[in-house]
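# Structural description and commentary
These are the residues of each chain, in order.
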Amino acid sequence: MNDSYNRDGSPREQPQQRRTIGRRAVLRLIGLGTLVVAPLPILPSLLRSTLGRGEVRAAGETARTPDGRIRQWTMIIDLRRCDGCQSIGKPPQCTAACIQGHFAPEPMEWIQVFEGELPGGGTQFIPTPCQQCQNPPCVNVCPVGATFSTPEGTVLIDQDRCIGCRICMAACPYDRRFFNWGEPPVPEEAKLSPYHAEHQVPAKKGTVMKCDFCPDMMRDDVLPYCVQGCPNDAIYYGDLEEDVATNGKEVVAASRFLSENQSYHLREDLKTKPRVYYIPGHGEDVGRDSFTKGRKPTEWPWIKLVKGARTWKR
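Counting restarts for each chain, with residues numbered from 1 along the sequence as it is written. Under the rules for a predicted model, residues below a pLDDT of 70 receive no local features and side-chain atom pairs below 80 are neither given nor counted, while totals for whole chains, interfaces and linings still include all residues. Values shown for side chains rest on all heavy atoms present in the structure; no hydrogens or waters enter the calculation.

### Quick notes on the confidence of the model for the chain
- The predictor reports its confidence for every residue as pLDDT, a score running from 0 up to 100. Per-residue confidence for the chain gives a mean pLDDT of 86; residues scoring 70 or more make up 81%.
- Residue contacts are counted whenever heavy atoms from the two residues lie within 4.5 Å of one another. Note that pLDDT drops below 50 for residues 14–40; the model gives that stretch 54 contacts with residues more than four away or on any other chain.
- Low confidence marks residues 53–57, where pLDDT is under 50. Its contacts with residues over four positions away, or in another chain, come to twelve contacts.

### Focus: the pairing of strand β8 (residues 235–239)
- Only protein chains enter the accessibility calculation, which uses a 1.4 Å probe; a residue is then buried when its area is under 20% of its type maximum, exposed when over 50%, and partly exposed in between. Secondary structure elements follow DSSP: runs of H or I no shorter than four residues count as helices, runs of E no shorter than two count as strands, and numbering proceeds from the N terminus. Of all five residues in β8, five are buried, a share of seventy percent or more.
- Both faces of β8 are covered, namely the face carrying Ile235, Tyr237 and Asp239 and the face carrying Tyr236 and Gly238.
- DSSP-based pairing: two strands are paired if at least 2 bridges between them are found. Pairing analysis gives three bridges linking β8 to strand β9 (residues 244–246), with the strands arranged antiparallel. Across the sheet, the residue bridging to tyrosine 237 is threonine 246, located in β9.
- Linking two consecutive strands that pair antiparallel, namely β8 and β9, is a turn of four residues; a positive phi of about 60° is found at aspartate 243 within it.

### Looking at the nonpolar core
- Counting residues in each nonpolar core, the largest one holds 44 residues, and the members touching the most others are Met75, Trp110, Ile235 and Tyr237.
- Elements that contribute at least two residues to this core include exactly β1 (73–78), α4 (93–102), β3 (123–128), α8 (225–229), β8 and β11 (276–279). Side-chain atoms within 4.5 Å link the members of a nonpolar core, which is a set of buried Ala, Val, Leu, Ile, Met, Phe, Trp, Tyr and Cys residues.

Here is the structure:
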């Protein structure tokens, strides 16, 4: 059983463990880290001074502001800049970067880009990760406490505790959870990575997986894969506690950015209180015509490197 967290979601002090290789070291080792998200952009200096202290932290360690307050991670997706990667003729690169960075098995799309109809005609693209609800239906129904909320506001799944009942999948109104029906393909080198609920590597048969919001990367002053992968800088990540967010190029005051641009949540009627916010749009800021429909299908290229890898239908 993974004991990194207590039942209430608070991090538990860990005993000294043998030296193991970390996830990003694994990525560098087998060369996958360079396929989509190389080099890894470090946070802008202004944001780094606010969000991080320039030191590597252990998985599960609660991130705090310089004055000791617990950080509250958030994501803002500016749909005015999202064109589903039509302009570069590729599948959505936020999805591709996430798949590559987490070794997500096919058909898992932890951040999936949906194409939705607009009221006046035409379409918009909507990147949809786990919404990191503060009133999460999934946590409320899990019979063994395998899915839980952390003090930082993220919702995680402990595959060591998960019994595969899939009740949480039925409860999620955003359809953002995925089940490992078979033995998931895992690169041999990735098996050296110490498992933790914050990064879910390696994947395990008979368990549920989803977007983990990459809090471990933020504690190391590195932006999540989806933020790095977006060619139009449409995805911002930040901390509500200090009211700051960045897309890797610009830093904004999160509350002002959300208020001035009429932000909204998906399925607000459900009162799930997501940590993911959306700015309405259809890619107009990057020249997209809303009547240009369609996007390239998602790919899982890393799986081809794993001998005997098999996939299954969702």
